[in-house]
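# A look at the structure
Okay, here's what each chain looks like letter by letter:
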Amino acid sequence: QNDCDCLNDNYRILLALTEAKIFPDVEQQSALQTKVQQIEQLFQKKISSLEDTVRNIANGDDIDGFIDVLAEMQMMSTILLDFEATIKAKINQSLQLFKKSHADKVAQLFVSLTESKLTWANNMTQHDIFKSFAIARFNKLSNSFGVEHVLATIDGIGDDVKTDQKKKILLDSFTKCKERYTALVKQYLAPPGKIDLAPLISKIKCIPLRQQQSPKSIVWDEKLKGKALQLIAHIFAYWTLLESASYFEVADQTDARSYLRQPHDAQVLSVFRILGIGNNDASYAEEALNWAKRKLGLRTQSGTLMPSLVEIGTGEGKSLTFAVAACVQALLGFSVRCVCYSQYLSKRDYQEYEPLFNDFGVEQYIIYGTFDELCEDMINEKVNLRDKVRAVLLGSDDEKRCSCDPKRDRASVLLIDEIDVFFNEQFYGHHYTPAASIQHEHLKSMADYVWNDFITHNNRCT
C-alpha cells in the first residue's frame, strides 16, 4: 500500500507538470514524458505479474490464495485511480476465469470475501460476478431493519404528539408506496430480452403533466406531494427492473425475490423526508412560508418545499436516495443541483444514475458537481466573469454573455451530500476566490521589470 501511495503521488505530480508545460525546454519536457512512461511501464509489469499468478491459482482449489492476489489488485485500483479501469477489468477477467473453472464455488468465494479480514477483499464483492449474491445479502440485512424499526428510531420531527401523528402519516404513505411499487415490479418483470420498460417510462413522464416551478412562485401542496408519492414508487420500480436478470438466474429458488435489487425502507422514508411527505405541521409550514417571502422574495401558494436535513449512515444508500429525490423534483418542475466535496464521488454517482435521468428526460435539469463548481456557475450565471476581466484589462469590447439556460426558468433545489464535510473548517465560512489567467506581452514585460528591479536592489522593492 505504501508503494502504491508513493507511485500514485509521483505519477500525479509528473502528469501535472507535463500537462502544465511549465518547462519550455524541449529536452526537459521530453524527460518528464519519459518518467511518466516509466511509471506506466512499471505498473503494466506489476499488473501482468499479478494476472499471471491469479490465472494459475484460478485453475486450482486454493481459494484463500486467490483472494490474497485479488485483494492486492483491488487495493491498487483503489489507490491508483488513473489505472482503476484497467485493474478492474483484469479483476473481472480473473473472476470470470474462476467461474468458468469452478462454477459451483462462486457462492463459496463470495462468502469467503465477505468474511475476510482484508478490507480490500470485502470491496471485491461489488464486482459483476457477485451481483446476485451481493443483492441477496443486502436485502437480507436491510430487511432486518424494516419500516417499523426506522420509524421507531427516527428523530427530529417534533414533540411526542406531533411525532406520533407524523409517523402515522409516514407509515400510511410508505404502505401506499410499497404496494404500488410491488404491483409495478410484478406487472413488468420479465426475462432478459423480453422485458419492455417503455410503457413504464411513459407512465412516469405522464404523472407530472408538464409541471414547472417558477423561481418566484413555488407550488408544493398536498396534490403535488401525492404526485411525488406516485413518482417515488414508479422510479424505484424502474430501478429494480433495470437489473432484474439475477432474479431469473435463481428463479427456481424459494427466496428468488431476494435476488431482485430493491430499495430498503430507510431509503424510501429518507426520500419522503427530503420531499416533505409526512410533514403537515401547519405552524411550521406558515413559518417557512413567511421566511421565504421575507428573505427570498418567493411567492408560494398553498404549500412550500421546506429545507430538510436527513442522516443516512455509510453504506445505507445515500447515492440512490439522492438520485430518486433529484428525479422526482426534476419531473415536478425544479432544476436540481447535487453537490459534494469530492469530484470523484460526484462523477461516480452521476455516471451510475445517468441512465435514469436520460430515460426520464430530465438530464438537462439535474447537475452533479462539487462546491467549487456550484460557486463557478453562480458567479458566471449572467456573464463569464473571467472573460469579462480579460476583456476589460486587454481593452476588448467583446463581452461574452452566457447562453440561454433552460434551467433558469425553473425554481432551483440544492441537494448537499456529505453535509458534515461542508460544515467543517475546510469549506464553511471560506471564500471562493476565482482567478483569471491573462497572457499578454506587456504584462510579461511588466512582470520581468518588477523582478529584475527586485534583484537589482538586493531583493528589496523600490
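In case you missed it, the structure is sitting above this.
Now for a description of the structure that goes with this document. (Residues numbered from 1 in each chain as written. Predicted model: local features only at pLDDT ≥ 70, side-chain atom pairs only at ≥ 80, totals over all residues. Heavy atoms only, no water.)

So, on to the sheet that holds strand 1 (residues 335-340). Across the sheet, 3 strands lie side by side as 2-1-3; this open sheet has parallel pairing. Of all strands in the sheet, those with a lone pairing partner are strand 2 (366-370) and strand 3 (412-416), marking the two edges. Shown here is a sheet whose adjacent strand axes are inclined to one another by a mean of 20°, direction ignored. With 5 bridges connecting them, strand 1 and strand 3 associate as parallel partners. Looking at the pairing, cysteine 338 lines up with leucine 415 of strand 3. Where helix 15 (residues 318-331) meets the sheet, its contacts fall on strand 1, strand 2 and strand 3, and the angle it forms with strand 3 comes to roughly 175°. Packed onto the sheet, helix 16 (residues 343-359) meets strand 1 and strand 2 and runs at close to 165° relative to strand 2. (Pairing = 2+ DSSP bridges. Helix = DSSP H or I, 4+ residues; strand = E, 2+ residues; numbered from the N terminus. Axes fitted to C-alpha atoms, helices over the stretch in contact; angles between N-to-C directions. Contact = heavy atoms within 4.5 Å.)

Turning next to the pattern of salt bridges. The tally for this structure, following the rule as stated, stands at 14 salt bridges. With a shortest N-O distance of 3.6 Å, arginine 55 and glutamate 51 are connected by a salt bridge. You can see arginine 55 and its partner glutamate 51 sitting in helix 2 (residues 26-58), 4 residues apart, about one turn around the helix. A relative accessible area of 36% places arginine 55 in the partly exposed class. Residue classification places glutamate 51 among the buried positions, given a relative accessible area of 12%. Here the salt bridges share partners, and the residues they tie into one network are Glu51, Asp52, Arg55 and Lys90. (Salt bridge = Lys/Arg side-chain N within 4 Å of Asp/Glu carboxyl O. Buried < 20%, exposed > 50% of the residue type's maximum accessible area, 1.4 Å probe, protein only.)

Position of glutamine 29 among the secondary structure elements: in helix 2. Accessibility expressed as a relative area gives 11% for glutamine 29, which makes it buried. Excluding its chain neighbours within four sequence positions, the residues that come into contact with glutamine 29 are Leu17, Thr18, Lys21 and Phe23.

Of all 5 residues in strand 2, 4 are buried; the element is thus mostly enclosed. Two strands pair when backbone bridges link them, and strand 1 and strand 2 are joined in this way by 5 bridges, in the parallel orientation. Each residue of the ladder has a partner; that of valine 336, found in strand 2, is isoleucine 366. Each parallel crossover has a hand, and the one from strand 1 via helix 16 to strand 2 is right-handed. (Right-handed = clockwise from strand over helix to strand, strands pointing away.)

Note: α-helices contain 3.6 residues per turn, so residues at a spacing of three or four share the same orientation. Its 13 residues give helix 7 (residues 131-143) an end-to-end C-alpha distance of 18 Å, which sits within 8% of 18 Å, the value for a rise of 1.5 Å per residue. Those residues of helix 7 that sit buried are Ser132, Ala134, Ile135, Ala136, Asn139 and Ser142. For helix 7, the secondary structure elements touched by its buried residues are helix 5 (106-115) and helix 12 (245-249). (Expected span 1.5 Å × (residues − 1).)

With respect to the helices and strands, the residue glutamate 84 is situated in helix 4 (residues 84-101). Overall, glutamate 84 belongs to the buried group, its relative accessible area being 15%. Those residues within four positions of glutamate 84 in sequence are excluded, and the remaining contacts are Ser77 and Tyr344.

None of this, on its own, says anything about what the molecule does.
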